[in-house]
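So the chains spell out like this:
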Amino acid sequence: MAEIPILFERKEECCGCTACYAICSKGAISMREDKEGFEYPVIDKEKCVSCYSCLHVCPFKS
Amino acid sequence: MQSIPIKTYAAYSLDDAVRSCSSSGAIFSLLAELILDRQGVVYGVKMSADCYGAEFTSVTDRAELGKLRGSKYLQAKVGDTYRKVRRDLQVGKTVLFTGTGCQVNGLKGLLGQDYDNLICVDVICHGVPSPALWRKYVASKEQQQGEKLKRVNFRCKDLGWSNFGVKEVFQGIVIKEEYIPLKESSYMQMFLHNYSLRPSCYQCRAKKEKQSDVTIADFWGINDVAVEMNDELGVSLVLIRSKKGEKVIGDISKGLCLKEVSYEAGVKKNPSEYYSVAKPPQREAFFEDMTKISYLELSRKYLTTKKRPFKAVAKKKIKAGLELLFRE
């Protein structure tokens, strides 16, 4: 089975823009606040079909 | 790689009333009015109804533009904004999208194609402060005041543009206004000390790749290049980054006082155009403490503000500004 995408490894690699959340046609990504109060995408492994659209639209990955 | 704009201007709107309630020279307002006149949609950031957060919203009516005016000093919730923008573009509406550079780049990433009917404007960004810190601050202030925060203007020009402060309006039985000089605003000082920023802001990617059509900001170096333009009501720095941007600034130029300057002169006193701020060594400890101690304790621990005769200085500057006005 294909692997769940990794949107960021360090918090410095995510600006919280929501492009990944907006592109996901499965509604598998939600934006959640961390304890510092900044939003980061969280992938629901049950809904994710590993299409990697989220990685393709990420300004940090292009 | 840094993207140098096509053209750089010092500019302000000729409408003094709108300019006085804008952060800089009211360029956003003029662009927004132009788009609304074309039956378009303007996307920008407003404070939430309870003032506890900032969020993106769309406006199609001039009467509602006021809530998007004025910079908000915390990261805004984007929510479903990108999808709404895409829908508006697909049905042929003209869209003005305003936000930070990374929000513009994120939107463009989602769209994956150019739209002739999309204009993107970003602001020169110092970094985005934590929404949780803002909530903690507001809760603390409301407790102290015994009333609810109704409005906040992070860029109040009552004492002049270059000497701005924060104005907070509390609503109880009576309406209470509080003006806080910048140096005395603990929330703004935490921001200016770079304690309260998002981790990615210390190595901002969006500064290296600008995808907006126009960038707007304060023209802090105005006195070095066009002092005659500084009447203390606010001057904007306008960086044109695309043909579309050039066209749209041309379309509002009748309502502007406009002067072309060099890019170097424009950004000289606004290094956030190309530099990310350095992460202070205390930054992680600051956020650890934010979740553990009260706002007042946090403020006492990280800010050792030396009280200066700030109000006296402010009055002197205003006087100088007024003299300039009368001399013209």
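Criteria and thresholds
Residues numbered from 1 in each chain as written. Chains lettered and ligands numbered in written order. Predicted model: local features only at pLDDT ≥ 70, side-chain atom pairs only at ≥ 80, totals over all residues. Helix = DSSP H or I, 4+ residues; strand = E, 2+ residues; numbered from the N terminus. Rg over C-alpha atoms; globule rule 2.2 N^0.38 Å. Buried ≥ 20, exposed ≤ 12 C-beta atoms within 10 Å, placed from the backbone. Contact = placed C-beta atoms within 7 Å. pLDDT = per-residue confidence, 0-100. Core = buried A, V, L, I, M, F, W, Y, C linked by C-beta atoms within 7 Å.

1. Comments concerning the overall build of chain A
From N to C terminus, chain A includes two helices and two strands. Each helix and strand of chain A, ordered N terminal to C terminal, gives the series α-β-β-α. In terms of C-alpha radius of gyration, chain A reaches 11 Å, essentially the compact-globule figure of 11 Å for 62 residues. Once the C-alpha set of chain A is aligned to its principal axes, its extents read approximately 35 × 25 × 20 Å. Buried positions account for 40% of the 62 residues belonging to chain A.

2. With respect to the interface of chain B and chain A
Taken together, the 22 residues of chain B in the interface contact 21 residues of chain A. Elements represented by at least two residues in the side of chain B that touches chain A include exactly helix H3 (81–90), helix H4 (101–111) and helix H5 (131–145) of chain B. If you tally residues by element for the side of chain B that touches chain A, the top one is H4(B), at six residues.

3. A short note on the confidence of the model for chain B
Residues and elements named next belong to chain B. With 92% of its residues at a pLDDT of 70 or more, chain B has an overall mean of 93. A low-confidence stretch, residues 307–328 stays under pLDDT 50, and its non-local contacts, those more than four residues away or across chains, total 17 contacts. Reported for the predicted complex are a pTM of 0.93 and an ipTM of 0.97.

4. Details of the environment of A:Lys47
All names here are of chain A. Relative to the elements of secondary structure, Lys47 occurs in the loop between strand S2 (39–43) and helix H2 (53–57). Between the C-alpha atom of Lys47 and that of Glu12, which follows or precedes it by 35 residues, the distance is 26 Å. Those residues within four positions of Lys47 in sequence are excluded, and the remaining contacts are Lys26, Gly27 and Ala28.

5. Quick notes on the nonpolar core
Soluble globular proteins: nonpolar side chains tend toward being buried together. Ranked by internal contacts, the top residues of the largest apolar core, which has 96 residues, are A:Ala19, A:Cys20, B:Leu31, B:Leu96, B:Phe97, B:Ile216 and B:Val238. At six residues, helix H2 (residues 27–37) of chain B tops the list of elements feeding residues into this core. Once residues within four sequence positions are removed from consideration, A:Cys20 is found in contact with A:Leu7, A:Ile29, A:Pro41, A:Cys54, A:Val57 and A:Cys58.

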